Structures are given as C-alpha cells and as structure tokens.
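# A closer look at the structure
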Amino acid sequence: MKNNLLVSLTYLTFFISITYSQNQAIMSYESKYANGSGSSIDYFENILDVNYYFDNGLYLFSQLEYSAPPLLGVETEEINDIINILFLQYNAEKYDITFGDLYLLYGKGLSLHTFQDQAIDFNNSLKGINANYYLSEKINLSGSIGASNVKTRINPADILPSVSIKNNLGVFGLSYFTEKMNLTYNNIVYEQFYDYSDINSLMNLSNLLGQYLNDRGEYILLETPSFDMLNIEHNFGFDFYFNQMQLYVEKSIVYYDKLLAERDQGYKDYLSLYANFFDFNFLFEYKDYNTPYLYNIFSAPPMGFREPISILSSRNLHTVDFSNEFGYMLELSRVFNNSLNLVLSYSYALHHLENKSDPSVFKYVTTAEMQNLEEYWPYKQYYIEFSNTTKDEKLFYKIGYDYYHEINSEKTIIAETLPMQFSYSLSRGNSVTFYIEAQNKNEINSNEKHDYIYFNPSYNHFGKWSFSLFYDYEGGEDLVSGCNYTINLKESQFSIYLGSQKGGLVCANGSCIMQPDFEEGMKISYLTNF
C-alpha cells in the first residue's frame, strides 16, 4: 500500500512538472556493469537521482534503481521495487516539513541518525513526516514520526541481509541558540518487533548480546519466540564556542528491554574539543557507548577514530560497536611556512564487560600490555603523514605511516602500512601520479605473516581522460592486476576496467560489509548529469 502511494506521488509530481515548466529539474544517472570469471559476482546496476525544485518552495527528491542483479542486496523484480527513495519537502520562512523517506540527524547521531549508503547496501530511513518550526531566532522545535523495516547483516560477508526488524518511531526536539552556545534536547521513543528468525540470527553475534542469547539458546530453539520492545531515549547536547576553541558534549540516557528479558538502562556519551594553539589544529574526541544488550538500528554516532583512506590500511579497518565501546582519538595537524603539512593521530578503544570495572583508556599500553587486555577487545591505531608541494608547484608528495593493532574474538592483528603518493605536473596541465603502498601484516592467532604491495600509476591528460594501472601483490600469491580508462565529457563520465580486483571491507559510518573479489573480467561505469 505504501509503495503504491509513493508510485502515485511520483506520477502526480511528473504531471505537475509538465504543467509548470518554470520549475527546475536536476537529474543524475549512474550505470554499473561487471562481468567476471570464476567466483566473481556479475552485476548490472542502474540508479537515477531526480531533484525537482518548484517555484513555490517545494522540493522533491526521488532515487530510482533497477539492478538485475546488484552487487549486494536484492534484485529488482517488481515495479514497486524500483523506488529507493522518495520524499517531498516544503520550506517556508518559519517552518519546513518533509513527507516520505526521512534522513535525519539529531545532534551527532548518538540516538538518531538515518542514512543510505549504496556501497554497503544499508538504509535505515523512516517513512513518515518530519517538521521543524523556527519559533524565534534562538528557539527551534522539531518533530518526526515514522515507521521502517531495517535490514542488516550479522556477518559482513553476507550478500543478503540476515536480520529484518520493524520499527515505529517518534521524536520531539528543542534547540536553543546563542552567539556562543547551543543547547539541544531530543526525546526519542521507538517500538521494535523481533521475530524468531531475527533472534536466531542475532545469536551469531560475537559481542555481549550474542553471548547473552547463546546462553538462552536451548529455549530459543525450542520455543521459537518473538519479542516486542519499547525503547525511550533522552538526548542532551551542548555546543560552546570561544575564540579558536569549540567544545561539544552530548549524552543519551537509554531505557530499553533486553531481548526475552527485563528492562535495562544504558547510556551513550560523546565529547569533542577543537582548538588552535600556535598554528597547530588540535582535535580530541571521546566516546563511551554502553547499551550492550540493545541491537543498534538508528544510532550512528561519531566513530572516534581516523578512518584510513589508503587501500591496504582500509582492509584492516576497525568496525565500531555503537552499542558497546569506549575510547578516544587525538589528532594534531599543522601547515608550516614552507607549505609542509603534518598530520598526527592516535586512537584507542575498549569494550565494556559485564560486572567488571573498565580499565583506563588514557593509560598508554604497549603491544605486550594489549594482550593482557584481550577480554576487553582492545584496539589501537596511530598515523603519521607528511605532504608538500615543491616551490615550482610541479611535484606533490605525501608519505604516511599507519600502525594498527586490534584484538577481538575473531582476530588478533598487527599491521604496519606505508602509503606514498607522488604527483608531477607536466607541461600544459598534464600530470602523472604514482601511488604505492607496502604493508606487513601479522595474524597472531594463526601465526601467519603477510607482505603486501599495492602500486597504482596513472596519467591524466588535460583533465579530459586518464589511464591507470593497478598492481596488487601478496607475497607467495599470484599478482592481481588491471587497468582503467576514464574519459570526462561535458556532463558525463565513462570508465572501463579490465582485469582483476581484490575485495575487502567497505565501510560507512563505522558499519562495514565485505565486497567479494573480482576475477579476470570487465567493469563498465557511466555517470551523467542532465
């Protein structure tokens, strides 16, 4: 019924757009095709984004997808499956209102952050209505109500979702603004429905919730129970500005039900401090997320670590447990007078344990001491980067060093990565770039050591087209290689890739999925705006 309503709204909007030709439409279309050999997953994905601006303050956004099959997720089979996103928004001087698919961010997302990400096949948006009323220059009121059926994966390697949880949610928010300070309060109430298949899938979690359900495994398998719960969150935010300093503090008090059991209480805390001292940019983030028996659906708070952008480092990416994790990140950066850019970052995190006191996260731990904390699943990572451009602006270079050490129930990994990039501008605007990485990875539990080298040279011709080579090598294994040609047209881009590619973790907002390897084949992508 809801899908039929959305289809009707789409046709109605199309009719209105023809009638009122002075309105403006901006559309983008992306098509991806892959055909590989062996265990590769072939796919054919087509996504059309439509932005329509009416001259009376209305705005409509629609995303249509036809994928047969997709790389991840469910194949498009019926006309109603084509609509991924559809919402209509009206903006006035004193208020705005949105109807349809709601993508919301309250505060930093400790209690509510709904988003879509195609790369990890994730969408926790609500279908409903959201309104904001600007009572004065200092006071805003907001409210949302909606429903959703959020589909997620227990195992990042799963091609299809393994959990499907229905939700009804309502939220009320109040914000107060001054020149130096902002205060917010949000009250979130949501009802969740877990059927037996959901509970059975959640038993595969390796965290405290999974352990708790496995302790009740016999009852679950014999009785095949379902469970409904009503969760209430009180969220408080404080934002303070002073000269070159900004302090942000947010706290959520969470009342929820343990699956198949009694009422429980938890919390989520976040603090960030930014300052500039002697031309050094200083950023400190602290997180403490403690709702270990609540399966996270709508919360996507800050990760509290610097997400790596290098190819090899990202294959060891830390997956944040937004229900049970505490730690911090410290980052320093500065641009010196000679244009040298320096970045330093350090991240450390642990997990809470039932009926045990938490170790201090502010005590530096060595590699040996990390092993003593293994039951807390410790994670440590630091990164150093230098980059600069020569005086003649011909050569740009960037050199980094990444150290990653993590222990949990599934792995104990120490990895050191050295990413380097060199770009040289030729005459008349052409350029060549050499990107190279080397990594040493030690899997402690299996006593396996791996050496990796990744090499990506490329040539850019006046920004009109580029050609790249890719070499991905692991010691003792066959070389994985490929090449890519991209041409940039006036309003579009066409790319073709020939060869093989290694899969790996792809993450967004701390949530990850495993994309499979691609063996000897062809990938084509086309992107255009009109």
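The structure this text deals with has already been given above.
Below or above, wherever it landed, is the structure these notes cover. (Residues numbered from 1 in each chain as written. Predicted model: local features only at pLDDT ≥ 70, side-chain atom pairs only at ≥ 80, totals over all residues. Heavy atoms only, no water.)

Summing up its helical and strand segments, the chain has five helices and 28 strands in all. Taking 2.2 N^0.38 as the reference for a compact globule, 530 residues should give roughly 24 Å; the C-alpha atoms of the chain span a radius of gyration of 25 Å, in line with that estimate. Oriented by its inertia axes, the alpha-carbon framework of the chain measures out at about 65 × 60 × 60 Å. By the burial criterion, 45% of the 530 residues in the chain qualify as buried. Looking at the chain alone, contacts between residues at least 24 apart form 55% of all its contacts between residues at least 6 apart. Approximately 26600 Å² of the chain is accessible, and the part contributed by carbon and sulfur atoms is 57%. Measuring between centres, the 33 positive side-chain charges of the chain sit 7 Å from its 63 negative side-chain charges. (Helix = DSSP H or I, 4+ residues; strand = E, 2+ residues; numbered from the N terminus. Rg over C-alpha atoms; globule rule 2.2 N^0.38 Å. Buried < 20%, exposed > 50% of the residue type's maximum accessible area, 1.4 Å probe, protein only. Contact = heavy atoms within 4.5 Å. Areas by Shrake-Rupley, 256 points an atom, 1.4 Å probe, with all protein chains shown as cover. Lys, Arg positive; Asp, Glu negative; His and termini not counted. Charge placed at Lys NZ, Arg CZ, Asp CG, Glu CD.)

What follows covers the packing of aromatic side chains. Scanning the model with the defined rule gives 30 aromatic pairs in all. Judged by centre distance (5.0 Å) and plane angle (25°), the ring pair of Tyr328 and Phe362 falls under stacked. In this pair, Tyr328 sits in strand E16 (residues 324-335) while Phe362 sits in the loop between strand E17 (341-350) and helix H5 (367-372), placing the two residues 34 residues apart along the sequence. On the accessibility criterion, Tyr328 (11% relative accessible area) is buried. Judged by relative accessible area, Phe362 falls into the exposed class, the value being 52%. Judged by centre distance (5.9 Å) and plane angle (40°), the rings of Trp465 and Tyr485 are tilted. Here Trp465, found in strand E23 (residues 465-474), pairs with Tyr485, found in strand E24 (residues 480-488); they are 20 residues apart in sequence, far enough to count as distant. (Phe/Tyr/Trp six-rings, centres within 6.5 Å; stacked < 30°, edge-to-face > 60°.)

One can find Asp257 in strand E13 (residues 245-257). Assessed through its relative accessible area of 14%, Asp257 is described here as buried. Along the primary structure Asp257 and Glu223 are separated by 34 residues, whereas in three dimensions their C-alpha atoms are 19 Å apart. Excluding anything up to four places from it in sequence, Asp257 contacts Phe227, Asp228, Met229, Leu230, Asn231, Glu262, Arg263 and Tyr293.

As a general feature of sheets, a regular strand has side chains that alternate between the two faces. Where strand E5 (residues 95-102) meets strand E8 (residues 126-134), eight bridges bridge the pair, whose relative direction is antiparallel. Across the sheet, Phe99 pairs through a bridge with Ile129, a residue of E8. As paired strands, E8 and strand E9 (residues 139-152) are joined by eight bridges and run antiparallel to one another. Bridging from a neighbouring strand, Ala131 pairs with Gly143 of E9. Where E8 hands over to E9, the hairpin turn is made up of four residues, counted between the paired strands. (Pairing = 2+ DSSP bridges.)

This paragraph deals with the pattern of salt bridges. This model, assessed by the stated rule, comprises 13 salt bridges. Note that Lys32 is salt-bridged to Glu30, the shortest N-O span being 3.8 Å. Lys32 sits in the partly exposed class, given a relative accessible area of 33%. Judged by its relative accessible area of 29%, Glu30 is partly exposed. (Salt bridge = Lys/Arg side-chain N within 4 Å of Asp/Glu carboxyl O.)

Leu169, Tyr194, Leu202, Leu213, Leu259, Tyr295 and Phe298 are the most contacted members of the largest nonpolar core, which has 33 residues in total. Among the elements of the structure, strand E10 (163-177), strand E11 (181-194), helix H2 (196-202), helix H3 (208-214), strand E12 (227-242) and E13 are those that each provide at least two residues to this core. Excluding residues that lie within four positions of it along the chain, Leu259 makes contacts with Tyr194, Leu202, Leu209, Tyr212, Leu213, Phe227 and Met229. Counting 15 residues, the second-largest nonpolar core is a separate cluster that includes Tyr248, Tyr289, Leu317 and Ile413. (Core = buried A, V, L, I, M, F, W, Y, C linked by side-chain atoms within 4.5 Å.)

None of this, on its own, says anything about what the molecule does.
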